[in-house]
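# Geometric and topological summary
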Amino acid sequence: MNDDVRNIVLGVVAAGVSAALGWLARTHLWHRRLRRKQAFFGLPGHSECLLVVNREAGGDGAVHRHDVFALLELSALIKDCGAHAQIVQHDIARQGFGERTEFCLGGPASNRRMTAHLSSLLPGVRVNTDVEPGPDRGAFRIGTEMYRAEPGVAEYVLLARLTAGEESRPVFLFCGQRAITNQAASRYLARHHEKLARKHGGDSFCLLLKVVNSAAYGPDVVELVADVTRAAQAAPERDTARPARS
C-alpha cells in the first residue's frame, strides 16, 4: 500500500469516526433535553396525563375554538414527551392531583375545576365572574393589585405550574380573561418551557402574562408582566384592591 492509498484510507476512517462521534453527541444531547422536558412536565415516557377542558360561555358543552387551538399546542408537547393524554370535561374531572400531570384550561367562569384549583392552590387570586357587562368583568385581583381586561387591546392570563410535593406530578393552569389568552399562554409555555425549567426547576410558579392587541395579532404577542407566585399563594388580604399601573 503506497502512501496515497494509506492517506485516503486514514481520511475515510477519520471521517467515519468523526461522524460517529458527532451522532453520539447529538443523540446524547437530544436524550438529555428530552429527560429535562419530561421532568419539567412530569411526563415520563408512556405516562398518562389529563387535559381538563372548559365550556364556551353560553354554550352547551362546546369548547371555544381558541381553547381547541390551545389543546393542540399542549398535545404536541405531550406527544414530544412520549406520553398520552386523556381529555376530560371540567365538570366530570373529580379526582385529586399529583398522580398524573394535569393541564387545566379556562377561567373559573367556565371551568369548575379551575375554581377549585385557584381556591386551594392559589388563594391570593380572585377572578371576577360577573355575567353582566362592566369594567371589572373578568378582572384579576392578585394580592392588592387589580388587572382589568381591555378586550382586543390588553388582556391577562395566569400561567402556573403547581405541585403538592417532590414526588407528585404537576398541574398546569391556563387561566385567562378570554379564550384567546388561554391559547396565548399555551403557546408561551411551548416556546419558553426550557427557559422556565432552567429558572424554576421542579418548583411551583405562577406567571402573569399580558396579551397585547389580540384583535390585530391574535395570541402571538405576549408580555411577561410579573412572577406573582408569592402573592398568588398567600392568603387573601382584606385591603381594597387597586388598579395596576399600565
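Above this text you will find the structure in question.
Residues numbered from 1 in each chain as written. Predicted model: local features only at pLDDT ≥ 70, side-chain atom pairs only at ≥ 80, totals over all residues. Heavy atoms only, no water.

Scanning the protein chain for helices and strands turns up six helices and 11 strands. Looking at the 246 residues of the protein chain, the share that counts as buried comes to 42%. Relative to all contacts within the protein chain whose residues are 6 or more apart in sequence, the contacts with residues 24 or more apart total 67%. For the protein chain, the accessible surface area stands at approximately 13,600 Å², while carbon and sulfur atoms represent 52% of it. (Helix = DSSP H or I, 4+ residues; strand = E, 2+ residues; numbered from the N terminus. Buried < 20%, exposed > 50% of the residue type's maximum accessible area, 1.4 Å probe, protein only. Contact = heavy atoms within 4.5 Å. Areas by Shrake-Rupley, 256 points an atom, 1.4 Å probe, with all protein chains shown as cover.)

This paragraph deals with the packing of aromatic side chains. Overall, the coordinates contain seven aromatic pairs when judged by the stated rule. Relative to Phe41, the ring of Phe40 has its centre 5.0 Å away and its plane inclined at 80 degrees; by these criteria the two rings are edge-to-face. When the centroid spacing of 6.3 Å and the interplanar angle of 40 degrees are considered together, the rings of Phe41 and Phe103 count as tilted. Of the two residues, Phe41 sits in helix H1 (residues 3-41) while Phe103 sits in strand E3 (residues 101-105), which places them 62 residues apart along the sequence. For the pair Phe41 and Phe103, one class covers both residues: buried. Feature note: the residues Phe40, Phe41, Phe103, Phe172 and Phe205 constitute an aromatic cluster, connected by ring pairs. Residue placement shows Arg161 over the ring face of Phe40; its charged tip is 5.2 Å from the ring centre. (Phe/Tyr/Trp six-rings, centres within 6.5 Å; stacked < 30°, edge-to-face > 60°. Lys NZ or Arg CZ within 6 Å of the ring centre and 35° of its normal.)

Attention shifts here to the pattern of salt bridges. Considering all chains together, one arrives at nine salt bridges under this definition. Close ionic contact of Glu194 with Arg33 constitutes a salt bridge, the shortest N to O distance being 2.5 Å. Remark: Arg33 occurs in helix H1 and Glu194 occurs in helix H4 (residues 179-200); sequence separation between them is 161 residues. Of the charged contacts, one joins Arg187 and Glu73 as a salt bridge, the two residues approaching to 2.8 Å between their closest N and O atoms. With a gap of 114 residues between them, Arg187 in helix H4 and Glu73 in helix H2 (residues 65-80) connect regions that are remote in the sequence. (Salt bridge = Lys/Arg side-chain N within 4 Å of Asp/Glu carboxyl O.)

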